[in-house]
Amino acid sequence: TLSGIPTAPSATILTIQVVDAAPQGQQVSTVQLTLTITDPLTIPTITLSPGLQSVAYTQTLTATGGTTPYSWTLVAGTLPAGLTLSPTGVISGTPTTPGAFPFTLQAADASLPPQTATKPFSILVAPPLTITTTSLPNPRQGITYSQLFTATGGTKPYLWSLNAGTLPPGLILAPDGTLSGSPTTIGTFPFSVQVTDATAPTSETASTNFSLQTLITFQITTATIPPGFVGTPYTLTLTATGGTTPYTWTVTTGPLPPGLNLSSLGTLDGSPTTAGTY
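Residues numbered from 1 in each chain as written. Predicted model: local features only at pLDDT ≥ 70, side-chain atom pairs only at ≥ 80, totals over all residues. Heavy atoms only, no water.

Caption draft 1: Structural view of the nonpolar core. Counting 19 residues, the largest nonpolar core has Leu48, Trp72, Ile91, Phe103 and Ile123 as the members making the most contacts within it. Going through the elements one at a time, β8 (99-108) and β9 (116-126) are the ones with two or more residues in this core. Beyond its immediate chain neighbours, meaning those up to four positions away, tryptophan 72 contacts Ile43, Leu61, Thr62, Ala63, Leu85, Ser86, Pro87, Thr88, Gly89, Leu105, Gln106 and Ala107. In terms of nonpolar packing, the next biggest core, distinct from the first, is built from 18 residues, Tyr145, Tyr158, Phe191 and Leu212 among them. (Core = buried A, V, L, I, M, F, W, Y, C linked by side-chain atoms within 4.5 Å. Buried < 20%, exposed > 50% of the residue type's maximum accessible area, 1.4 Å probe, protein only. Helix = DSSP H or I, 4+ residues; strand = E, 2+ residues; numbered from the N terminus. Contact = heavy atoms within 4.5 Å.)

Next up, the structure:
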């Protein structure tokens, strides 16, 4: 009986001799054998790469110890739809459904009887990477501006970049998708942004076109109002620039001179009745 617990892998050549119990003329027989001690069969792969819906996927599993070659099988759970496991330990295919898919795999070595090792895994299949921002509000010259681009699908974190065109001068696009700054130049600026996800080993990208029109800052351009005279008809049209027409004018503080009115279109008219400063 050869017994015990092997402590290290090895390949040992043994010469074994057996002697019988005859009282006279004992018989002896010898044989040379090779005893191979291997490491226990284990699966060192810890996690599996996430997948993307409708994007080709491949992942090779690894095992150590035992006697090669190994044979792999699915013993519990379900692989993502569209993926298959080969006997050599390659998960491949094109996933068709997003979601999280837990399952258990078993590796068997070539010894007789075979050693086996099992391990639970999960593959997360994300929907396609898509930019969900469809439009941006137009900025105004000299006014602080900040907008965040958004996306879904793929694997976070996302990395944003300018793909084509030119941003309005004074604005910058940060890697986290924040477009911010203070525009300095009036005009229309078409551009394209790109988002890249963190899928390994090959990242997925998506891009979308945008256009921003930097508007003139909304402001009243009438700087002074000419004096009027009691009993004399008076008219003045106030002016403004920027923003989006038509404008609506109102008095917010203080009274107008008696006899004068301000229309919503910005016309100050009438005949002053009382002298004074208003």
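Caption draft 2: Representation of the side chain of glutamine 53. Relative to the helices and strands, glutamine 53 resides in the loop between β3 (51-52) and β4 (57-60). The class for glutamine 53 is buried, based on a relative accessible area of 18%. Within the structure, the side chain of glutamine 53 is placed 3.1 Å from the backbone oxygen of threonine 96, a separation counted as a polar contact. The residues touching glutamine 53, leaving out its near neighbours within four places in the chain, are Pro95, Thr96, Thr97, Pro98, Val125, Ala126, Pro127 and Pro128. (Polar contact = N/O pair within 3.5 Å; in protein donor to acceptor, adjacent residues only side chain to side chain.)

Caption draft 3: The arrangement of unusual backbone geometry in detail. A cis amide bond links lysine 156 with the next residue in sequence, proline 157, at an omega value of 5°. Within the secondary structure, proline 157 is located in the loop between β12 (151-152) and β13 (159-165). Look at the link from threonine 245 to proline 246: it is a cis peptide, with omega at 0°. Tracing the backbone through its elements, the reader meets proline 246 in the loop between β20 (240-241) and β21 (260-262). For serine 54, which is not a glycine, the phi torsion comes out positive at approximately 70°. Inspection of the secondary structure assignment puts serine 54 in the loop between β3 and β4.

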